[in-house]
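Below, each chain spelled out in residue letters.
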Amino acid sequence: MNWDDPTGTSAPDRLVGPVADREDQAVEAALRPKDLGEFIGQEKVREQLDLVLRAARARGATADHVLLSGAPGLGKTTLSMIIAAEMGAPIRITSGPAIQHAGDLAAILSSLQEGEVLFLDEIHRMSRPAEEMLYMAMEDFRVDVIVGKGPGATAIPLELPPFTLVGATTRAGLLPPPLRDRFGFTAHMEFYEPHELERVVHRSANLLEVEIDPAGAAEIAGRSRGTPRIANRLLRRVRDYAQVKADGVVTRDIAAAALAVYEVDARGLDRLDRAVLQALLKLFGGGPVGLSTLAVAVGEERETVEEVAEPFLVREGLLARTPRGRVATPAAWAHLGLTPPRSAPGGAGGSAQQNLFGA
C-alpha cells in the first residue's frame, strides 16, 4: 500500500487527503479546465505536451501514447481530458484495478473508435496478462484473442484502429520497462508552488461564485500541501464557514478561522500529522523510535502512520526515516513551539546531521 494509492490506507475523511471522494469528483467535473491554456501550473509539462499535440494535429495522425506520473490531485485526469479535447476525439476512462483479465482489456480495445483517447488510471495495478496484451496493442494496434482452451486453443489476430493511450500512475517505479518504453511521451507532475495554488483558488472561487480577496486565497493556498484538489476542497469548507459565520466574503482571517475549525494548521498539517509529531517529540524526545511504537502511541495502525501521515511530514522536512527509526528534525520542534533537548537532533548536544545518521 502507498500513501498516494487510492486503494491504500489514505483515510477518505481527511480534509487534506489527496484521494478524491464522491463530492470531490462531482465538483471537479465543473472546475476542470477545458484546454491547455486554462490549465494552471506544470509549465514544462504543458509546453512539451502542447508540442506533441500540435505536431500530431499537423500530421493528421493520432497523438503518441502519453504516460503521466505523480501524486493524486495534481491534474493527471484533467490533462487526459484536455488531450482528448485538443485532438477533437472522444475519451474512454477506465482504471488498472478494473482490468483483471486480458479479456477485459480486449473488450475495451476492440470497441475503440479511430483516434479515441483511452485513459487508464493507476496503470501500474493492471494484471500481468492484460499488461502483456497492451504491449502489442500500443505498438502494432493489434491484439491476439485466444479462442478455446488447452491444445485446441487458437489465437485470432484482431486489428485495432489507431488510438492514444494516456496512462496515469502514482507509482511509476512499478511499471515494467517494456510498458514504460512504449509511451512516446512521459511526464512527471510536480507539486504546486503556493503562487500557482493561489491562481487555482481564484479560478475555482470565480466558478463557484465565491467572493475572495488575495489574502484569503493565499491563506488557503499555503495550507493545501501543494495539491490543487486539496486547495479546492479547503476552498469549499472555507466558503461554508464564511456563509454561516460571516458575510460570505473569504478574507485571510475568515480562511484562518475556518481551517482552524477543521484542524488544518498553517503548514497544512491536520490532526493525524500533529499527533505523530507530538508523540515523537513529547514521548520519545524526538527519536529515534520504531514505527510500530510510534503507531501505538498515536492510537493508529502502523500502515496508517507509514502510508498516510509520514510522506507529507518527510516532504516538509519535519520527520526523517533513518535505519534506527523515525527522527524529528529541528523544523518539527520549531513548528510545535517546543525546545529540543540536548540529545535531540538539532539540540545543543549535537548537530542534526550527526544525530540523524547516528554519527
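The model shown is predicted, which means the values in this text are computed figures rather than measured ones.

Hey, could you run me through the overall build of the protein in this one?
Check the secondary structure of the protein and you find 15 helices and 11 strands. Scored against the burial criterion, the 359 residues of the protein give a buried share of 49%. Contacts in the protein between residues at least 24 apart in sequence constitute 68% of all its contacts with a sequence separation of at least 6. About 16,400 Å² of surface is accessible on the protein, with carbon and sulfur atoms providing 51% of the total.

How do you make sense of the sheet that holds strand β6 (residues 164-169) when you look at a structure like this?
Strand-to-strand pairing in sheets goes through backbone hydrogen bonds, with the strands running parallel or antiparallel. The 5 strands are arranged β2-β3-β6-β1-β7 in an open sheet whose pairing can be described as parallel. Two strands close off the open sheet at either side, each with one partner strand: β2 (91-95) and β7 (185-188). Each adjacent strand pair in this sheet contributes to an overall mean axis angle of 15°, direction not counted. Relative to β6, strand β1 (residues 66-69) runs parallel, the two sharing 4 bridges. Its bridge partner being in β6, L68 is matched across the sheet by A168. Sitting on the sheet, helix α2 (residues 43-59) touches β1 and β7, and the angle it makes with β7 is about 165°. Those strands touched by helix α3 (residues 76-87) are β1, β2, β3 (117-121) and β6, and its axis lies near 175° from that of β3.

Hey, could you run me through the nonpolar core in this one?
In summary, soluble globular proteins display a tendency toward joint burial of nonpolar side chains. By size, the foremost hydrophobic cluster in this structure holds 49 residues, and its most contacted members are L49, L79, I212, I220 and V250. Here the element with the most residues in this core is helix α9 (residues 228-245); it accounts for 6 residues. Apart from residues lying up to four places away in sequence, L49 is in contact with L36, V66, L79, I83 and F185. Grouped together as the second largest cluster of nonpolar side chains are 24 residues, L105, A106, L118 and M126 included.

It is not clear to me how the side chain of E310 should be interpreted in this structure. Could you clarify?
Relative to the helices and strands, E310 is located in helix α13 (residues 302-315). Beyond its immediate stretch of four places on either side in the chain, E310 contacts L291, V305, L319, R321 and R326.

Would you mind showing me how to read the confidence of the model for the protein here?
The predicted coordinates should not be examined in detail at positions where pLDDT is low. With 87% of its residues at a pLDDT of 70 or more, the protein has an overall mean of 83. Predicted confidence is poor over residues 1-12, with pLDDT under 50, and the contacts of this stretch with residues over four places away or in other chains come to 35 contacts. For the stretch residues 348-359, pLDDT sits under 50, and the model shows 18 contacts to residues farther than four places along the chain or on other chains.

Mind showing me how you'd approach the packing of helix α11 (residues 271-283) against helix α12 (residues 291-298) here?
Working note: a packed helix pair is described by the angle between its axes plus the distance between those axes. Two numbers describe how α11 lies on α12: the axes approach to 9 Å, and their chain directions differ by 110°. Judged by the inter-axis angle, α11 sits roughly perpendicular to α12. Mapping the contact onto sequence places A275, V276, A279, L280 and L283 in α11 and L294, A297 and V298 in α12. The residue inventory of the contact of α11 with α12, partitioned by class, reads 8 nonpolar, no polar and no charged.

What is the right way to read the environment of E190 from this model?
As for its placement among the helices and strands, E190 is situated in the loop between β7 and α7 (194-207). Each C-alpha atom, one on E190 and one on S69, is 9.0 Å from the other, the two residues being 121 residues apart in sequence. Beyond its immediate sequence surroundings of up to four residues, E190 is in contact with Q42 and L74.

In this structure, what is going on with the side chain of R32? I would like to understand it.
Secondary-structure assignment places R32 in the loop between α1 (22-31) and α2. At a separation of 3.0 Å, a polar atom in the side chain of R32 contacts the side chain of T78. Leave out the neighbours within four places in its chain, and R32 touches T77, T78, M81 and R203.

Quick question: what am I supposed to make of the pattern of salt bridges here?
Pairing of side chains with opposite charge becomes possible as their charged atoms draw close. Inspection of every chain in the model, using the stated rule, returns 17 salt bridges. A salt bridge links R252 to E219, with the nearest nitrogen and oxygen atoms 2.9 Å apart. Taken as a pair, R252 in helix α10 (residues 252-261) and E219 in helix α8 (residues 214-222) lie far apart in primary sequence, 33 residues in all. Judged by its relative accessible area of 39%, R252 is partly exposed. A salt bridge links R271 to E300, with the nearest nitrogen and oxygen atoms 3.3 Å apart. In this pair, R271 is assigned in helix α11 and E300 in the loop between α12 and α13, connecting sequence segments 29 residues apart. Residue classification places R271 among the partly exposed positions, given a relative accessible area of 41%. A relative accessible area of 26% means that E300 is categorised as partly exposed. Each of E219, R223 and R252 takes part in a single network of salt bridges with overlapping partners.

Parameters at a glance
- Residues numbered from 1 in each chain as written.
- Predicted model: local features only at pLDDT ≥ 70, side-chain atom pairs only at ≥ 80, totals over all residues.
- Heavy atoms only, no water.
- Helix = DSSP H or I, 4+ residues; strand = E, 2+ residues; numbered from the N terminus.
- Buried < 20%, exposed > 50% of the residue type's maximum accessible area, 1.4 Å probe, protein only.
- Contact = heavy atoms within 4.5 Å.
- Areas by Shrake-Rupley, 256 points an atom, 1.4 Å probe, with all protein chains shown as cover.
- Pairing = 2+ DSSP bridges.
- Axes fitted to C-alpha atoms, helices over the stretch in contact; angles between N-to-C directions.
- Core = buried A, V, L, I, M, F, W, Y, C linked by side-chain atoms within 4.5 Å.
- pLDDT = per-residue confidence, 0-100.
- Parallel < 35°, antiparallel > 145°, perpendicular 65-115°, else oblique.
- Nonpolar A, V, L, I, M, F, W, Y, C, P; charged D, E, K, R; others polar.
- Polar contact = N/O pair within 3.5 Å; in protein donor to acceptor, adjacent residues only side chain to side chain.
- Salt bridge = Lys/Arg side-chain N within 4 Å of Asp/Glu carboxyl O.

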